[in-house]
Amino acid sequence: MDKNHPSSEESKQKIEALKAESKESPSLRNFDRQKKIDSINGALALRPQIEKIIDEVWEAGFDNIFFVGIGGTWASSMQLEVYMRGKSNVPVYVENAAEYLTTGNKKLTDKSLVIYSTVSGTTAEMIEFCKAVKAQGTRIFAFVDTPDTELTKPEYQDYLICYPENEQLKFYMVGNYLMFKNGDFPDYDEYNKQMEASLAEGLANVEEAADELGFNFAKSEVERIKKNPAYPRYFVGAGNHYGATYSYAMCYWEEQMWIRTKSITAPEFFHGMLEVIDEDTPVTVFVGEDEQRVLSERVVKFLDKVNDNHFVIDTKDYDMPGIDEKYRGSISHHILRAVNNRVDAYMELFLEHPLNMRRYYRQIEY
């Protein structure tokens, strides 16, 4: 039995440790400030490698660029596509690996570039996807968190960068340079100067600032769940926050915490979901700072009228010294992730449920 299965001895020990841990006050649990800063700065330092790869692709030419994934990596791809959609005519598309394997996509050709990210380097759908598109001669640029895994083998990609975590940051670095090459990002150098000087420290500060909020929300939410575990929490987001919204509901709350959820885009909230909202319905709204901010604000205004149980994370509430306001829309999803890190740390504590424990995922054949 895998060590992550709830019946394993290691999982039982983790559960007992969580039961014994103090639940009296916020403690910045699971937070290592310097490790966080080093991780983000290490990802930002990949920029020369990314630029070199994109320069080669640009010089050789391409018809389309596909960001491909499944689960959380598909969600990150959606975030990058909507970020670029209104800023550039670089032909960027998003593809789900499992859907491609069944349906195909005539736009994805031997002249296309595929970009993907994987944490494990062993995701079955991504392995089969890479085999399929390499067979037709498509070039692949891979970010793989874990070295010496199946997807780091040369037959699965043409360009490879191994560096852990920071998937969305790595994707945005690619997108920003593509837009720069296309003449759509004239202040690219100034933007990166600010990010490399201030982003890591700023996000660490956000986590510290959000610690009490995460503790208080998690405590009240777990009390609610224990009273009625069948009732889902709804998550709403827009723009480059929607991929994060979908991923957070699915990867974090469903997969990691085993809590029922539903995620929906802010504009679609008003075409169905609003009719199931009453005063007690649990709803979380993520309000970012890109051009679709107004769509999430509209949801909050509606909920303020009819609902007493909504939780809003507005990234504008958190300072990011050294980063101009005009750039915050491109990083507000990172601010959101920093806040949610605090929520997750305390959800694990109050649920007494290790976040790496799975019942089915990679435990059985399916």
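Not measured: the values here are computed from a predicted model.

**As for the sheet that holds strand 1 (residues 65-69)**
A sheet is described by the order of its strands in space; here five strands give the open sequence 2-1-3-4-5, paired in parallel fashion. Edge strands, defined here as strands with exactly one partner in the open sheet, are strand 2 (92-96) and strand 5 (159-162). Here the average twist between neighbouring strands, direction ignored, is 20 degrees. Here six bridges tie strand 3 (residues 113-118) to strand 4 (residues 139-144), and the two strands are oriented parallel to one another. Counterpart to Val114 in the pairing with strand 4 is Ile140. Packing of helix 4 (residues 72-85) onto the sheet brings it into contact with strand 1, strand 2 and strand 3, and relative to strand 2 it is tilted by some 160 degrees. This element, helix 7 (residues 167-181), spans strand 1, strand 3 and strand 4 of the sheet and lies at about 160 degrees to strand 3.

**Focus on a nonpolar patch on the surface**
On the surface, a nonpolar cluster with roughly 500 Å² of combined accessible area is contributed by Tyr360, Tyr361, Ile364 and Tyr366. The residue Tyr360 is located in the segment after helix 13 (332-351) in this model.

**A few points about the sheet that holds strand 7 (residues 261-265)**
Judged by pairing direction, the sheet is parallel, and its four strands sit side by side in the order 7-6-8-9 without closing on themselves. At either end of the open sheet lies a strand with only one pairing partner, and these are strand 7 and strand 9 (310-314). Averaged over all pairs of adjacent strands, the angle between their axes in this sheet comes to 20 degrees, without regard to strand direction. By the bridge criterion, five bridges tie strand 8 (residues 283-287) to strand 9 in an arrangement that is parallel. Within strand 9, the position partnered with Thr284 by the bridge is Phe311. Along the sheet, helix 9 (residues 211-227) makes contact with strand 6 (233-237), strand 8 and strand 9, crossing strand 6 at roughly 140 degrees.

About the cut-offs
- Residues numbered from 1 in each chain as written.
- Predicted model: local features only at pLDDT ≥ 70, side-chain atom pairs only at ≥ 80, totals over all residues.
- Heavy atoms only, no water.
- Pairing = 2+ DSSP bridges.
- Helix = DSSP H or I, 4+ residues; strand = E, 2+ residues; numbered from the N terminus.
- Axes fitted to C-alpha atoms, helices over the stretch in contact; angles between N-to-C directions.
- Contact = heavy atoms within 4.5 Å.
- Patch = residues over 30% accessible without salt bridge, like charges linked within 9 Å, V, L, I, M, F, W, Y side chains within 5 Å.
- Areas by Shrake-Rupley, 256 points an atom, 1.4 Å probe, with all protein chains shown as cover.
- Salt bridge = Lys/Arg side-chain N within 4 Å of Asp/Glu carboxyl O.

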